[in-house]
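# Architecture and fold: a report
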Amino acid sequence: MDSLFDDIAAAHLAIRPQVSVTPLEHSLALSALTGCEVYLKCEHLQRTGSFKFRGASNKLRLLDPVARRDGVIAASTGNHGQAVALAGRLLGVPVTVYAPASAAAVKLDAIRALGAELKLVDGDALAAELSAGEAARRAGLPFVSPYNDLEVVAGQGTVGMELAEQCPELDAVFVSVGGGGLISGIGAAMRRLAPGAEMVGCWPETAATMHASLQAGRIVEVDEGDTLSDGTAGGVEPGAVTFELCRDLIRHGALVSEADIRAALRLLAQTERWMVEGAAGVALAGLLQLAPSYEGKKVAVVLCGRNIVLDKFLSAVAA
């Protein structure tokens, strides 16, 4: 954990000014509604529209000259692919992204527009990750995992550095969880800088593989269903470094329904005038569920992305 924090601190300095410091906004409306002092960490305002740009930028900056010349391979349902594509474009690194064929077309188009080569895979996000990893091994190229890489986790952990600088008195941080890279990085930074802040992991009920794995004490396979939180959907890769980090750092968890996610998206649109993706709604839905336990306390909700599918968002908030 000490080594990871040192890497996060180094990334916090090294990825500027390429990576933006995002605002931490105090929400009067959500504070009045929940009885907590609610702060919103605006990662939906990050370049490429999500926190993923942090991890991708840190990973690619650490490549040796040969790897920078030959390129990297990544796997993504959209946000990570866009992040790696832009980081590669800025650093002159060729990028190939493997993605599920079922991923949102608007996100796949965005990856292509940023200059990456896109390869579509039948199956879910985990299938794309495994295919990409195998292709990287065959070609001898670095694989840029969405979460199963400590250099990526260190980049995501810069969110935690900013939170500790912006509001060191936080009592809890609510984070949506897929593979666990974001909450692992935030938790590692906050444990050193704001040890009183609890990490609260939030999952859709229909796609909670890491939650089930933590409950089982080992990484397990889960048949996941459809969810508005497509950014956190997909299994957890066998041997993922984030499993032990999540087990050590996450203090509380919240499982939220699709109706809860829709209500959270609608609430953010009504109170803050922001349209965010389903994964960001999961974190707010987690706070709404657990708010009585944090009454009167300072809490942050990480709004992890804005790369919405407009028709899907409008349908969700109208439901």
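In this text, all values refer to a predicted model and were calculated from it rather than measured experimentally.

## Section: the UniProt feature "domain: Tryptophan synthase beta chain-like PALP" (unreviewed entry) in the chain
As recorded in UniProt, the feature "domain: Tryptophan synthase beta chain-like PALP" (unreviewed entry) lies at residues 16-305. Annotated as 46% helix and 18% strand, the span residues 16-305 places its first and last C-alpha atoms 20 Å apart.

## Considering the nonpolar core
With 62 residues, the main nonpolar core has Leu163, Leu170, Val173, Phe174, Ile186, Met190 and Val301 as its most contacted residues. A per-element tally of this core places helix 14 (residues 278-290) first, with 8 residues. Setting aside anything within four residues of it in sequence, one finds Leu170 in contact with Tyr39, Leu163, Met190, Gly196, Ala197, Lys298, Val299 and Ala300.

## Considering the environment of Lys297
Take Lys297: it is sitting in the loop between helix 14 and strand 10 (298-303). Among the residues examined, Lys297 registers a relative accessible area of 38% and is labelled partly exposed. Non-local contacts of Lys297, meaning those with residues more than four positions away in its chain, are made with Cys36, Glu37 and Asp171.

## Some thoughts on the packing of aromatic side chains
Per the counting criterion, the structure on display carries 1 aromatic pair. Aromatic side chains Phe174 and Tyr294 sit 5.6 Å apart centroid to centroid with 75 degrees between the ring planes, which places their arrangement in the edge-to-face category. Of the two residues, Phe174 is situated in strand 7 (residues 172-176) and Tyr294 in the loop between helix 14 and strand 10; the sequence distance between them amounts to 120 residues. Both residues of the pair, Phe174 and Tyr294, count as buried.

## What about unusual backbone geometry?
At the junction of Arg16 and Pro17, the peptide bond is cis and its omega measures out at -5 degrees in the coordinates. Note on placement: Pro17 falls in the loop between helix 1 (2-14) and strand 1 (24-26). The backbone of Thr48 sits at a positive phi, close to 70 degrees, despite the residue not being glycine. Residue Thr48 is classed as buried on the basis of its relative accessible area of 13%. For Arg273, which is not a glycine, the phi torsion comes out positive at approximately 65 degrees.

## Considerations on the sheet that holds strand 8 (residues 198-204)
Spatially, 6 strands are ordered 1-2-10-7-8-9 in an open sheet, and the strand pairing comes out mixed. Two strands lie at the open edges of the sheet, namely strand 1 and strand 9 (250-256), each paired on one side alone. Averaged over all pairs of adjacent strands, the angle between strand axes in this sheet comes to 25 degrees, irrespective of strand direction. Bridge analysis of strand 7 against strand 8 gives 5 bridges, and the strand direction is parallel. Opposite Ala172, over in strand 8, you have Glu198 as the bridge partner. Contacting strand 1, strand 2 (37-42), strand 7 and strand 10, helix 9 (residues 158-166) crosses the sheet at an angle of about 140 degrees to strand 2.

## Digging into the layout of surface pockets
Roughly 690 Å³ of volume is contained in the largest pocket. Considering every element that reaches the lining of the largest pocket, the biggest residue donor is helix 7 (residues 125-139), with 3 residues. Partitioned by chemical class, the residues of the lining of the largest pocket number 13 nonpolar, 9 polar and 7 charged.

Basis of the calculations
Residues numbered from 1 in each chain as written. Predicted model: local features only at pLDDT ≥ 70, side-chain atom pairs only at ≥ 80, totals over all residues. Heavy atoms only, no water. UniProt positions renumbered as here; feature names shortened; annotations may be inferred. Helix = DSSP H or I, 4+ residues; strand = E, 2+ residues; numbered from the N terminus. Core = buried A, V, L, I, M, F, W, Y, C linked by side-chain atoms within 4.5 Å. Buried < 20%, exposed > 50% of the residue type's maximum accessible area, 1.4 Å probe, protein only. Contact = heavy atoms within 4.5 Å. Phe/Tyr/Trp six-rings, centres within 6.5 Å; stacked < 30°, edge-to-face > 60°. Pairing = 2+ DSSP bridges. Axes fitted to C-alpha atoms, helices over the stretch in contact; angles between N-to-C directions. 1 Å grid on protein atoms, 1.4 Å probe; cavity = no way out; pocket = protein on both sides within 12 Å on 5 of 7 lines; lining within 4 Å. Points joined across faces, edges and corners; volume = space filled by probe spheres on them. Nonpolar A, V, L, I, M, F, W, Y, C, P; charged D, E, K, R; others polar.

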